[in-house]
Amino acid sequence: MSDLSSLTSSAYQQALEVIASVEPRIAEATRQELADQRSSLKLIASENYASPAVLLTMGTWFSDKYAEGTVGHRFYAACQNVDTVEALAAEHARELFGAPYAYVQPHSGIDANLVAFWSILAHRVETPALEKLGAKNVNELSEADWESLRAELGNQRLLGMSLDTGGHLTHGFRPNISGKMFHQQQYGTDPETGLLDYDALAAKAREFRPLVLVAGYSAYPRRVNFAKMREIADEVGATLMVDMAHFAGLVAGKVFTGDEDPIPHAHVVTTTTHKSLRGPRGGMVLSQEEFAADIDRGCPMVLGGPLSHVMAAKAVALAEARKPEFRTYAQAIADNAQTLAEGFLKRGARLVTGGTDNHLVLVDVSTFGLTGRQAESALLEAGVVTNRNSIPADPNGAWYTSGIRLGTPALTTRGFGATEFDKVAELIVDVLSNTQAGTTKAGGPSKASFVLGDGVAERTRAASAEMLDKHPLYPGLELS
Ligand code: PLP
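Predicted, not measured: the structure shown is a model, and the values here were computed from it. (Residues numbered from 1 in each chain as written. Predicted model: local features only at pLDDT ≥ 70, side-chain atom pairs only at ≥ 80, totals over all residues. Heavy atoms only, no water.)

## Details of the overall build of the protein chain
Point 1. Assigned secondary structure in the protein chain consists of 20 helices and 17 strands.
Point 2. Taken over the C-alpha trace, the protein chain has a radius of gyration of 23 Å; the compact-globule value for 480 residues is 23 Å, and the two agree within 12%.
Point 3. In terms of overall dimensions, the protein chain has a C-alpha envelope of 75 × 55 × 45 Å along the principal axes.
Point 4. Counting across all 480 residues of the protein chain, residues that qualify as buried make up 54%.
Point 5. Residue pairs in contact within the protein chain that sit at least 24 positions apart in sequence constitute 73% of those at least 6 positions apart.
Point 6. Carbon together with sulfur atoms contributes 53% to the accessible area of the protein chain, which is approximately 20,600 Å² in total.
Point 7. Taking the average location of the 43 positive side-chain charges in the protein chain and that of its 56 negative ones, the two points are 2 Å from each other. (Helix = DSSP H or I, 4+ residues; strand = E, 2+ residues; numbered from the N terminus. Rg over C-alpha atoms; globule rule 2.2 N^0.38 Å. Buried < 20%, exposed > 50% of the residue type's maximum accessible area, 1.4 Å probe, protein only. Contact = heavy atoms within 4.5 Å. Areas by Shrake-Rupley, 256 points an atom, 1.4 Å probe, with all protein chains shown as cover. Lys, Arg positive; Asp, Glu negative; His and termini not counted. Charge placed at Lys NZ, Arg CZ, Asp CG, Glu CD.)

## Concerning the side chain of Thr8
Point 1. Residue position: Thr8 is located in helix 1 (residues 3–20).
Point 2. On the accessibility criterion, Thr8 (10% relative accessible area) is buried.
Point 3. Contact partners of Thr8, with chain neighbours within four places excluded, come to Pro52 and Leu477.

## What to know about the sheet that holds strand 15 (residues 403–407)
Backbone hydrogen bonds hold the strands of a sheet together, and the pairing may be parallel or antiparallel.
Point 1. Ordered in space as 11-12-15-14, the four strands form an open sheet in which the pairing is antiparallel. Of all strands in the sheet, those bounded by a partner on one side alone are strand 11 (350–351) and strand 14 (387–389).
Point 2. Note: strand 12 (residues 360–364) against strand 15, five bridges, orientation antiparallel. Paired with Leu360 across the two strands is Gly407, which belongs to strand 15.
Point 3. In the packing of helix 16 (residues 372–381) onto the sheet, the strands contacted are strand 14 and strand 15, and the crossing angle to strand 15 comes to about 50 degrees. (Pairing = 2+ DSSP bridges. Axes fitted to C-alpha atoms, helices over the stretch in contact; angles between N-to-C directions.)

## Topic: the pattern of salt bridges
Point 1. If you walk through the whole model with that rule in mind, you get 18 salt bridges.
Point 2. Across the salt bridge formed by Arg206 and Glu235, the nearest N and O atoms sit 2.6 Å from each other. Here Arg206, found in helix 8 (residues 198–208), pairs with Glu235, found in helix 9 (residues 226–236); they are 29 residues apart in sequence, far enough to count as distant.
Point 3. Arg388 is paired through a salt bridge with Glu376; the nearest N and O atoms lie 2.9 Å apart. Of this pair, Arg388 sits in strand 14 while Glu376 sits in helix 16; the two residues are 12 residues apart in sequence, bridging distant segments of the chain.
Point 4. Residue class for Arg388 comes out buried when judged on its relative accessible area of 17%. (Salt bridge = Lys/Arg side-chain N within 4 Å of Asp/Glu carboxyl O.)

## With respect to the packing of helix 1 against helix 2 (residues 24–38)
Point 1. Following both chains from N to C, one finds helix 1 and helix 2 inclined at 145 degrees, their axes separated by 7 Å at the closest point. Residues Gln13, Leu16, Ile19 and Ala20 of helix 1 form the contact with helix 2, whose own contacting residues are Pro24, Ile26, Ala27, Thr30 and Arg31.
Point 2. Counted by class, the contact of helix 1 with helix 2 contains six nonpolar, two polar and one charged residues. (Nonpolar A, V, L, I, M, F, W, Y, C, P; charged D, E, K, R; others polar.)

## Here's the deal with the sheet that holds strand 6 (residues 183–187)
Point 1. Strands sit in the order 4-10-9-8-7-5-6 across an open sheet of seven strands; the sheet is mixed. The two strands at the open ends of the sheet, each matched to only one other strand, are strand 4 (101–103) and strand 6. Taken pair by pair, the neighbouring strands of this sheet meet at an average axis angle of 20 degrees, ignoring direction.
Point 2. When strand 5 (residues 157–161) meets strand 7 (residues 212–216), the two strands line up parallel, connected through two bridges. By the bridge assignment, Leu158 is partnered in strand 7 with Val212.

## A word on the pairing of strand 17 (residues 445–452)
Point 1. Direction of pairing for strand 16 (residues 435–439) relative to strand 17: antiparallel, over a ladder of four bridges. In the strand pairing of strand 17, Thr439 is matched with Pro445.
Point 2. Linkage of strand 16 to strand 17, two consecutive antiparallel strands, is achieved through a turn of five residues, within which Gly443 is found at a positive phi near 95 degrees.

## Focus on the packing of aromatic side chains
Point 1. Throughout the structure, instances matching the rule amount to eight aromatic pairs.
Point 2. An angle of 65 degrees between the planes, with centres 5.8 Å apart, marks the rings of Tyr217 and Tyr220 as edge-to-face.
Point 3. Residue Tyr217 is classed as buried on the basis of its relative accessible area, which comes to 3%.
Point 4. Considering the side-chain rings of Phe416 and Phe421, the 6.0 Å spacing of their centres and the 70 degrees angle between planes classify their relative orientation as edge-to-face. Pair check on accessibility: Phe416 and Phe421 agree, each one buried.
Point 5. Three or more aromatic residues joined by ring pairs make a cluster, and in this case those are Tyr217, Tyr220, Phe226, Phe247 and Phe256. (Phe/Tyr/Trp six-rings, centres within 6.5 Å; stacked < 30°, edge-to-face > 60°.)

Rendered as structure tokens:
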């Protein structure tokens, strides 16, 4: 056991004892969560395993500190240490991504997107309106001018990728606030290939003339050409916002460079910090200088007090991502996704777009006679954690779905390589091939229930355990 892992073991051992002295059931659930994560194949594309350093940073007294405002300009007293933390996290983010400006306060990806939307609205709608009216800020406006500005702010257009072709619900999905605060339209993918069709997108943008063009995805298994996206945005006068929540680790690790790196092309880039970037749960906004002042007003515009303990953990994770090893990790994420995709294709499965060139694979499970929900549940019973996901033009909707989405970031963190990911594909195909759709209580076809063949769960768990034991999660971390 290395020094660091023995320190980590005693840190967690003692922390759990302190927690157990107050609420033992939480200590027990925390232990159980580690055991469960250690013993299952985690293939959820949006999850990862943050390092003990990142996790430990979140459990401190920074959690108790209020620090509304920005570095050196707080609405609360005694924020000197939070200033250190926030300035360092932002510096690491700027250096890592080569971004002129970084805002590290958003609590999550959704918060980051809200900050971005409102900063774009402030920059492009509110500020010009105030200038025209000769007012310094909205408090100086008459009731009538304020009402007309509010109407103007609520009357803008956003074009984003549709949910069923891989976009995120914050990209203009009607039930989400983004679909309510903007007039929204959605672009999709080519029905034949499943790939983004930039000409169709450009035609839609010319017709719709959005204020905001959103690029980025949650379930599109391909790279995006952000230089082309910027050309389209410029042609129609839109602000290009890229949500790189899913693939930030591949940008940080220089797997996505040139036209595939959103930072030099987008006006504003948002991200989560906990997916492929392998940091704490949280969000960030990066931007060109032009938008910096507006984004800096994320609090009070959209946010309240920042989570100082999480900003500290962001600084630690970003410092990790600046190390050369992170580039090796990011490349392995992409290589492993290729192996996983090839593993499915050679065993006859159908993949949306026919493959991948990022960190995720979207399997159409209808060819196995299953819904996504049945496939997800059957796999879970066999110790394989995936999530069901819509595929383009999904006949089963967003609840039952026809797909499962798989990502490589988490198991790559555990050290899985080509041999293991090929085996993962084999195990999943075995489970899906040996699962039958079930029936409802009334005897009709069910979209949820399933029957897993005898012995399939046991043989999958045994084969997984062999790989998981060779690649332990948090090696050396032992709890008595
Ligand atoms: N943006 C994208 C593309 C995402 O995939 C997600 C989460 O899945 C989010 C934003 C929202 O992130 P969070 O869950 O941290 O709010």
